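Chain by chain, the residues:
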Amino acid sequence: MRREKFKLQGLLKLREFKEQKIKLELGQINIEKGRLNEAIAKCNLDIEETYKAQEAFFDTYTSGRNAQFFPMFIQSKRDEIKVLENQLHAVERQYQEKVKELSVAKGEVKVIVNLKNEFETEQNRVIEKKRQEAIDELMMAKRHAQKLAGEA
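Residues numbered from 1 in each chain as written. Predicted model: local features only at pLDDT ≥ 70, side-chain atom pairs only at ≥ 80, totals over all residues. Heavy atoms only, no water.

K.L.:
Break down the nonpolar core for me, with residues and values.
P.N.:
Ile29, Leu36, Ile40, Cys43, Ile47, Ile74, Ile81, Leu84, Leu88 and Val91 together form the largest nonpolar core, which totals ten residues. Those elements that provide at least two residues to this core are α1 (9-58) and α3 (69-151). With residues near it in sequence (within four places) discarded, Ile40 still touches Ile81, Leu84, Glu85 and Leu88. (Core = buried A, V, L, I, M, F, W, Y, C linked by side-chain atoms within 4.5 Å. Buried < 20%, exposed > 50% of the residue type's maximum accessible area, 1.4 Å probe, protein only. Helix = DSSP H or I, 4+ residues; strand = E, 2+ residues; numbered from the N terminus. Contact = heavy atoms within 4.5 Å.)

K.L.:
Outline the packing of aromatic side chains, listing residues and values.
P.N.:
This structure, assessed with the given rule, holds three aromatic pairs. The interplanar angle of 70 degrees and the centroid separation of 5.4 Å between the aromatic rings of Phe69 and Phe70 together place this pair among those described as edge-to-face. Overall, the relative accessible area of 45% leaves Phe69 in the partly exposed class. Ring centres of Phe69 and Phe73 lie 5.5 Å apart, and the angle between their planes is 25 degrees; this geometry places the pair in the stacked category. (Phe/Tyr/Trp six-rings, centres within 6.5 Å; stacked < 30°, edge-to-face > 60°.)

K.L.:
Could you give an account of a nonpolar patch on the surface, naming the residues involved and the relevant values?
P.N.:
On the surface, Leu8, Leu11, Leu14, Val111 and Leu115 cluster together into a nonpolar patch covering about 410 Å² of accessible area. For the nonpolar patch, the elements supplying multiple residues, two or more each, are α1 and α3. Following the sequence through the fold, Leu8 ends up in the segment before α1. (Patch = residues over 30% accessible without salt bridge, like charges linked within 9 Å, V, L, I, M, F, W, Y side chains within 5 Å. Areas by Shrake-Rupley, 256 points an atom, 1.4 Å probe, with all protein chains shown as cover. Salt bridge = Lys/Arg side-chain N within 4 Å of Asp/Glu carboxyl O.)

K.L.:
I'd like to hear about the pattern of salt bridges, residue by residue, with values.
P.N.:
For the structure shown, the criterion picks out ten salt bridges. The partner of Glu19 in a salt bridge is Lys23, with the nearest N and O atoms 3.5 Å apart. Here Glu19 pairs with Lys23, and both are found in helix α1, just four residues apart, close to one helical turn. Overall, the relative accessible area of 35% leaves Lys23 in the partly exposed class. Residue Glu32 is joined to Arg35 by a salt bridge in which the shortest nitrogen-to-oxygen separation is 2.6 Å. Of the two residues, Glu32 and Arg35 are both situated in helix α1; the distance of three residues between them amounts to about one turn of the helix. The class of Glu32 is partly exposed, set by a relative accessible area of 26%. The partly exposed category is assigned to Arg35, whose relative accessible area is 42%.

Interpretation note: all reported values are geometric properties and have no functional meaning in isolation.
Quick look at the structure:
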């Protein structure tokens, strides 16, 4: 009783590989989101530190040229935050698209896995039926042999 091969095994491996690839891409997107969030937090921290430095700087004698640095620096950091937030929104859209791709890929894998399970269940049922038939034949042959031995 030889087992047959599941003919869609190659396709199943390809679909599982695609699913794993999408999961890796999602991980990379999460890393990028984390990096952007850290950069935004650092810019906000830089702005806070600049305000503190500005207060300390104005407690001493300063020239007007030197005082211009603080507002320009703060504005540049705010502009940088806007750029980073735009990048973060773009990455978030990529993330949502990848989640949709992943759900489709998981569905494709699940369909093939279900087909494989059905195939294996059917094959096990057929093999068990053949085994039972062989056992029944042996029992009938044994009974026939006993009957013949009893008549002789």
